[in-house]
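Letter by letter, the chains look like this.
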Amino acid sequence: MKPDRPEGPEPPDAAARRAVRPVTCYPVDGLPPPDLARARAMRQGATRVARVVVPPRDARCFRVPAGHFFRILSIDGPQVGDLNLWNAADLSERFYSGKTRALHGTHLSTGDRMWSSLPHLRPMATITADTLDWYGFDAFGCSVHDVIGTRCDPYTHNLLSGGQYHHCCHSNLARALAAELGLTPREAEAHVHDVLNVFMCTGFDRATGQYIMKASPVRPGDFIEFLAGIDLLGALSACPGGDCSAEHSSDAAACFPLCVEVYRPAAEALAAWQPPPRGGYDRTHGP
Ligand SMILES: [Zn+2]
């Protein structure tokens, strides 16, 4: 947040410096677009092979083989979800929220990819459907499915409000991963990372730059769907903030379950599908 009364004096050419036009940091024009037509053809012949219900103020893990689809579905009421993704065979490869944001912008929708951490930098998942894509950006500059928030966590909650709250998404994800892998929650929390905020409606306050949120426009029946690029272990937390209209680290908000469904394409379609390659940098980092 910038100060109301800056201490640094403005230089004579301040207006000219401010008037310089920005350029896109990471133009993605050269990035091959995802083949959504092919993905949708694969999806048409797919059958559901798993369904996981995530209880309110808790999280669950799920597994999605490469070339399969997964759908996050609103079922009982407006509810936000915090999503973590790992390479199922190597937890050090995990979703890289910051670089995904740098490449695709603050909020994701159909055609955007969830990129993995360095040195891998490959699309772990591609968004193939999003029933909230109609929302766009509203008058407050807010939109849905952000990669700007981190996940609600008990450390920040304690810092700002005191107390010991155990159902922040960070703790929910840690407990779910611990249960899945036979770890303690303390061991598992080292693997918890910045999320895709599924269904959350957020932006930045234009005056202060602060992270803002408002009631999610999601309703039961809405979903976002992904094609898994690699074998995935996922974890989804049904945030204690519910629709995140007011607060996000307490038992005050109305909370609802979320559902994750996994779909397997027909055998021929799956056999013909190719997983995305790892990033092409040689990792020598110069002399
Ligand atoms: Zn949360």
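Our structure's up above, just so we're on the same page.
Residues numbered from 1 in each chain as written. Predicted model: local features only at pLDDT ≥ 70, side-chain atom pairs only at ≥ 80, totals over all residues.

## Digging into the overall build of the chain
Put simply, the rule is: Comment: elements are numbered from the N terminus, with helices defined as DSSP H or I runs of at least four residues and strands as E runs of at least two. Radius of gyration means the value over C-alpha atoms here, while the globule rule gives 2.2 Å times the residue count to the 0.38 power. The burial label depends on the number of other C-beta atoms within 10 Å of a residue's C-beta. Counts of 20 or more mean buried, 12 or fewer mean exposed, and intermediate counts mean partly exposed, with C-beta atoms placed from the backbone.
Within the chain, the secondary structure is distributed over seven helices and 13 strands. Relative to the globule expectation of 19 Å for 287 residues, the C-alpha radius of gyration of the chain, 20 Å, shows essentially globular dimensions. Principal-axis analysis of the C-alpha atoms places the extent of the chain at approximately 70 × 50 × 45 Å. Split into buried and exposed, the 287 residues of the chain put 39% on the buried side.

## Looking at the sheet that holds strand S13 (residues 258-264)
This is how the line gets drawn: Pairing between strands is defined by DSSP: at least two bridges between them are needed. To obtain an axis, a line is fitted to C-alpha atoms, over the contacting stretch when the element is a helix, and the angle between two such axes runs from 0 to 180 degrees between their N-to-C directions. Here, residues touch in the contact sense if the C-beta positions derived from the backbone fall within 7 Å of one another.
Here six strands make up an open sheet; going across it, the order is S1-S13-S3-S11-S7-S6 and the pairing antiparallel. For this open sheet the edge positions go to strand S1 (47-54) and strand S6 (113-115), each flanked by a neighbour on one side alone. Along the sheet, successive strands turn relative to each other by an average axial angle of 25°, direction set aside. Along the sheet face, helix H2 (residues 36-44) touches strand S3 (69-74), strand S7 (123-130), strand S11 (223-228) and S13 and points at about 75° away from the line of S7.

## Focus on the environment of Arg101
Structurally, Arg101 can be placed in helix H3 (residues 97-104). With 109 residues separating them in the primary sequence, Arg101 and Gln210 have C-alpha atoms 17 Å apart.

## Section: the pairing of strand S12 (residues 232-238)
In terms of residue burial, S12 counts as a mostly covered element, since seven of its seven residues are buried. Here S12 shows no split at all, with Leu232, Gly234, Leu236 and Ala238 on one side and Leu233, Ala235 and Ser237 on the other all buried. Here strand S2 (residues 59-64) pairs with S12 via six bridges, running antiparallel. Bridging from a neighbouring strand, Val64 pairs with Leu232 of S12.

## Things to note about the environment of Ser143
One can find Ser143 in strand S8 (residues 143-146). A count of 22 C-beta atoms within 10 Å places Ser143 in the buried class. Taking the C-alpha atoms as reference points, Ser143 and Ala59, separated by 84 residues in sequence, lie 24 Å from one another. Non-local contacts of Ser143, meaning those with residues more than four positions away in its chain, are made with His107, Tyr135, Gly136, Phe137, Cys201 and Gly203.

## Remarks on unusual backbone geometry
Between Leu118 and Pro119 the backbone carries a cis peptide bond, its omega angle lying at 5°. Relative to the assigned elements, Pro119 resides in the loop between S6 and S7. Unusually for a residue other than glycine, Arg57 sits at a positive phi of about 55°. Positive phi, normally seen in glycine, also occurs at Arg283, with a value near 70°. For Arg283, the location among the structural elements is in the segment after helix H7 (267-272).

## Overview of H3
Test applied: The reported arc concerns the directions from the helix axis to the C-beta atoms and nothing else.
What H3 keeps buried is the set Ser97, Thr100 and His104. In an axial view of H3, the angular spread of the buried residues amounts to 60°, which keeps them on one side of the axis. The elements touched by buried residues of H3 are S6. Backbone geometry just after H3 places Gly105 at a positive phi near 105°.

## Describing the environment of Pro257
For Pro257, the location among the structural elements is in the loop between S12 and S13. Note on Pro257: 19 C-beta atoms within 10 Å, which makes it partly exposed. A C-alpha to C-alpha distance of 6.7 Å links Pro257 and Val53, two positions 204 residues apart in sequence.

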